[in-house]
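Single-letter residue listing:
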Amino acid sequence: MSKQFQFKLVLLGLAIFLYCLSILNVYPGESAVGKSSLVLRFVKDQFDDYRESTIGAAFLTQTVTLEDQTTVKFEIWDTAGQERYKSLAPMYYRNANCAVVVYDITQSASLEKARNWIRELQRQADPSIVIALCGNKSDLSARRQVSQEEAKKYADEEGLMWGETSAKTGEGVSDIFTAIAKKLPLTAPPTARASAARGTTGARSGVDLNKQPADQNQNEPCNC
Amino acid sequence: MDEEYDVIVLGTGLTECVLSGLLSKEGKKVLHMDRNDYYGGDSASLNLTQLYRKFRPGQEPPSELGRDRDYAVDLIPKFIIASGELTQILVHTDVTRYLEFKQIAGSFVYREGKISKVPSTEMEAVRSPLMGLFEKRRAKKFFEFLQSWKDEDPTTHQGINLDRDTMKTVYEKFGLEAGTQDFIGHAMALYLDDDYITKPARATYERIVLYTSSMARYGKSPYIYPLYGLGELPQSFARLSAIYGGTYMLDKPIDEIVTDGEGKFIGVRSGAETVKARQVIGDPSYFGAGKATEGKVRVVDEGKVVRAICVLKHPIPETEDADSCQIIIPQNQVGRRNDIYIAMVSSTHNVCSKGIYIAIVSTIVETDKPELEIAPGLKLLGPIHDKRVVILTNYMPSLTRPSL
Ligand SMILES: Cc1cc2nc3c(=O)[nH]c(=O)nc-3n(C[C@H](O)[C@H](O)[C@H](O)COP(=O)(O)OP(=O)(O)OC[C@H]3O[C@@H](n4cnc5c(N)ncnc54)[C@H](O)[C@@H]3O)c2cc1C
Ligand SMILES: Nc1nc2c(ncn2[C@@H]2O[C@H](COP(=O)(O)OP(=O)(O)OP(=O)(O)O)[C@@H](O)[C@H]2O)c(=O)[nH]1
Ligand SMILES: [Mg+2]
């Protein structure tokens, strides 16, 4: 029998202009590491050279099917650019089962920033969170600034998964998500709360705000 | 200075974040800044590190309290009334998808030295010690009257005109005792003082209906509360804003609201830089609140609130070991003008470690010894493990202008 599991995944990464900017110069996201592109490739198998920063997309979902027919559904929370000025809300990593921290292999500063995010996750996220370090833009290896050895060594030291991807060509993208799916503890029903909130996983412990108020006539209010 | 925004929002409190979310969604270009490195402003929920940094700088949180990340201690208590306006905003803007809510287990009211549960079912009402047998019958008639009220059907009005007759008239018509009036006006209509009694009954009627329909909605109490604390609310609206292109900058000192010769808003200065926008919105602390004023007075003092954030190692006594509750102490019961509120949450709501309970006791300040004013509330908590007292001033804009 096939089983379905659902997980919340957050993408963190650096828009490399993070350092050098004053509050005035909000550049368009062309020097960004490619989180949204990676999601777009994974979810829709598309790539767009000129896409705007993530606008209007709350979160996307994609399902990975493993060899034993277990399906793992990812609910992907892109950061909507909030991390650009180090202003990511802690809400993102609450209950996140996995996090993909993305750097740009053509920008060594972006790996530095990725390390900061990883430290933050190790401190604040659930200890069981699966963290993958992902070097994006592997198609631009001619301009490579971060060697595979360096990144891999760091990932090993911290016990992270690691892989390189190209959102542009699609290389490595499904591999990294599949590897994460395999690493997740597929035993207990996960608690991705956002999915619960939208009622996609049936049972939920909390209350459903979208539920219509009880019918006044059948359900007598307090009659003190 | 090429970058110009439609709106700059200062402070990430709930109101500011709701506005930022709605404005971004409308297509406005929003820059949202906060001087703190966390979301929520005065209504943030803090982890232990942040809590100690704020109240006891230089002191480390004791390890017996458990893990830092398990804490989200609210600075301002607020339970969300299930059928109220905030719930509608949450549903309407669809931020409910980022949040999970749980019920508050019970709502209690203080009367003659004891606390009793506000009945949530007819059975509880029949057994409630809040009223004697005859008073219960009178109260039942009163609630039946409210419940059957239809504006368009005069036969349901029993000679009462909600828009003309005062609440006093209504109470008298049903012969309700003073203690019952306290209970209805304060524990159900949630009035903080007794001014409502001499006003037309309509508003009170509506608040009681809101309370009872909220109570009916999920069962245990009329209140719901977000997992991980109230600070999740502003964060969810901030996310809404960011998804629609809002730019977020925390940890950004705001040094000046820059205006032109005529006092018209130009922009906001941080350090040596000024960022321009057509409009600015913010909480009072960004408009000179609490500072010695030189030049323009933009906000005025509207009175103070005192709160004690208490760490307990047990549920509040006499609350049936509720994992969360509200206790209202109506002002008359303790000889005050304003009610005292207690709001308690615990690890059920993912705001602290197991075995810890966080209770906030608050009231509107009436004397120059605010801490003494909350003593009747503190007394109900049992042994208090740790306590932080905060006194905050409420501010209002000094002039009201049509905005947006
Ligand atoms: C001193 C005080 C303590 C309160 N404590 C609680 C509590 O513990 N639990 C609870 O459910 N409700 C509490 N309330 C009531 C609550 O804050 C709301 O007023 C009520 O839930 C109605 O919500 P609203 O959204 O209509 O009003 P809002 O628009 O939220 O608030 C109305 C007015 O009350 C002020 N206010 C809001 N919240 C507080 C607060 N916690 N402390 C002080 N002033 C506040 C606001 O600045 C505003 O002027 C308290 C109110 C006061 C004044
Ligand atoms: N060559 C190449 N370009 C890429 C790749 N992935 C993303 N890009 C480009 O990098 C830029 C930034 O990509 P985004 O996906 O917007 O990056 P982001 O990390 O989501 O950025 P923010 O949302 O602004 O934080 C875009 O111009 C993309 O086209 C890749 O694998 N190869
Ligand atoms: Mg993006």
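Under an unreviewed UniProt entry, the name given to chain B is Rab GDP dissociation inhibitor, and the source organism is Collybiopsis confluens. The annotation that UniProt attaches to chain B under Sequence similarities (unreviewed entry) is "Belongs to the Rab GDI family."

Looking up chain A in an unreviewed UniProt entry gives the name GTP-binding protein RAB5, with the organism given as Collybiopsis confluens. UniProt, in its Subcellular location (unreviewed entry) section for chain A, records the words "Cell membrane".

(A) Just the pattern of salt bridges, in detail. All names here are of chain B. Under the criterion given, the structure shown has 33 salt bridges over all chains. Ionic pairing is found between D37 and R53, a salt bridge with its closest N-O pair at 3.5 Å. Note that D37 is positioned in the loop between strand 2 (30-33) and strand 3 (45-46) and R53 in helix 2 (residues 48-55), a separation of 16 residues in sequence. For D37, a relative accessible area of 38% gives the class partly exposed. Overall, R53 belongs to the partly exposed group, its relative accessible area being 48%. In this structure, R336 engages E366 in a salt bridge whose closest nitrogen and oxygen atoms are separated by 3.2 Å. You can see R336 sitting in the loop between strand 15 (325-329) and strand 16 (340-346) and its partner E366 sitting in the loop between strand 17 (357-364) and helix 10 (370-373), a full 30 residues away along the chain. The buried category is assigned to R336, whose relative accessible area is 13%. Residue classification places E366 among the partly exposed positions, given a relative accessible area of 33%.

(B) Quick peek at the packing of aromatic side chains. Residues and elements named next belong to chain B. Summed over all chains, the structure comprises 16 aromatic pairs over all chains. Each ring, one from Y39 and one from Y248, has its centre 5.8 Å from the other, and the planes form 40 degrees; the classification is tilted. Pair noted here: Y39 is in the loop between strand 2 and strand 3 and Y248 is in strand 10 (residues 247-249), with a separation of 209 residues, a long-range link. There is no split in this pair, since Y39 and Y248 are both buried.

(C) Expanded view of the sheet that holds strand 12 (residues 265-270) of chain B. All names here are of chain B. Taken together, the six strands give an open sheet; going across it, the order is 10-2-1-13-12-11, and neighbouring strands pair in mixed fashion. At either end of the open sheet lies a strand with only one pairing partner, and these are strand 10 and strand 11 (256-259). Taking each pair of neighbouring strands and ignoring which way they run, the sheet shows an average axis angle of 40 degrees. As paired elements, strand 2 and strand 10 share three bridges and run parallel to each other.

(D) Spatial organisation of the site of ligand 1. Residue and element names in this part refer to chain B. With respect to spatial proximity, 13 residues lie near ligand 1, and among them P77, K78, R307, Q326 and Y341 are the closest. Interatomic distance of 2.8 Å between a side-chain N/O atom of R307 and a nitrogen atom of ligand 1. Measuring from an oxygen atom of ligand 1, one finds a side-chain N or O atom of Q326 at 3.0 Å. The fraction of the free accessible surface of ligand 1 (780 Å²) that becomes covered by protein chains is 61%. Listing elements by their share of the shell around ligand 1, those giving two or more residues are strand 14 (299-312), strand 16 and strand 17.

(E) Local environment of the pairing of strand 2 (residues 60-65) of chain A. Residue and element names in this part refer to chain A. Bridge analysis of strand 2 against strand 3 (residues 71-77) gives six bridges, and the strand direction is antiparallel. Residue pairing in the sheet places V64 in a bridge with V72 of strand 3. In textbook terms, the turn of a hairpin is the stretch between consecutive antiparallel strands, and for strand 2 and strand 3 this stretch comprises five residues, one of which, Q69, has a positive phi near 70 degrees.

(F) Quick look at the sheet that holds strand 7 (residues 106-111) of chain B. Residue and element names in this part refer to chain B. Strand order in the open sheet formed by seven strands is 8-7-15-16-17-14-18, and the pairing between neighbours is mixed. A strand with exactly one partner marks an edge of an open sheet, and here the two such strands are strand 8 (114-117) and strand 18 (386-397). For this sheet the average axis-to-axis angle between neighbouring strands, irrespective of direction, equals 20 degrees. Strand direction decides the pairing type here: strand 7 and strand 15, joined by four bridges, are parallel. Bridging across to strand 15, G106 finds its partner in C325. Against the sheet, helix 7 (residues 178-188) contacts strand 7, strand 15 and strand 16, and its axis sits at roughly 140 degrees relative to strand 7.

(G) The arrangement of helix 8 (residues 202-218) of chain B in detail. Between its first and last C-alpha atoms helix 8 of chain B spans 25 Å; for 17 residues at 1.5 Å apiece the expected length is 24 Å, and the two agree. Phi turns positive, to about 110 degrees, at G219 of chain B, one or two residues after helix 8 of chain B.

(H) Broad picture of a nonpolar patch on the surface. Residues V297, V300 and M396 of chain B make up a contiguous nonpolar surface patch of about 220 Å² in total accessible area. Counting through the fold element by element, V297 of chain B comes out in the loop between strand 13 (273-282) and strand 14.

(I) Structural context of the nonpolar core. In this structure, L133 of chain A together with L90, F101, F142, F183 and L233 of chain B are the most contacted members of the largest nonpolar core, which totals 107 residues. Examining the composition of this core, we find that six residues originate from one element, helix 9 (residues 232-243) of chain B, more than from any other. Of the residues that make up this core, three or more belong to each of domain 1 (4-76 + 230-300) and domain 2 (119-218) of chain B. In this structure, L233 of chain B is in contact with L14, I80, L86, L90, L99, F101 and P226 of chain B, ignoring residues within four places of it in sequence.

Conventions we followed
Residues numbered from 1 in each chain as written. Chains lettered and ligands numbered in written order. Predicted model: local features only at pLDDT ≥ 70, side-chain atom pairs only at ≥ 80, totals over all residues. Heavy atoms only, no water. UniProt positions renumbered as here; feature names shortened; annotations may be inferred. Salt bridge = Lys/Arg side-chain N within 4 Å of Asp/Glu carboxyl O. Helix = DSSP H or I, 4+ residues; strand = E, 2+ residues; numbered from the N terminus. Buried < 20%, exposed > 50% of the residue type's maximum accessible area, 1.4 Å probe, protein only. Phe/Tyr/Trp six-rings, centres within 6.5 Å; stacked < 30°, edge-to-face > 60°. Pairing = 2+ DSSP bridges. Axes fitted to C-alpha atoms, helices over the stretch in contact; angles between N-to-C directions. Near = heavy atom within 4 Å. Polar contact = N/O pair within 3.5 Å; in protein donor to acceptor, adjacent residues only side chain to side chain. Areas by Shrake-Rupley, 256 points an atom, 1.4 Å probe, with all protein chains shown as cover. Contact = heavy atoms within 4.5 Å. Expected span 1.5 Å × (residues − 1). Patch = residues over 30% accessible without salt bridge, like charges linked within 9 Å, V, L, I, M, F, W, Y side chains within 5 Å. Core = buried A, V, L, I, M, F, W, Y, C linked by side-chain atoms within 4.5 Å. Domains from an automatic or database assignment.

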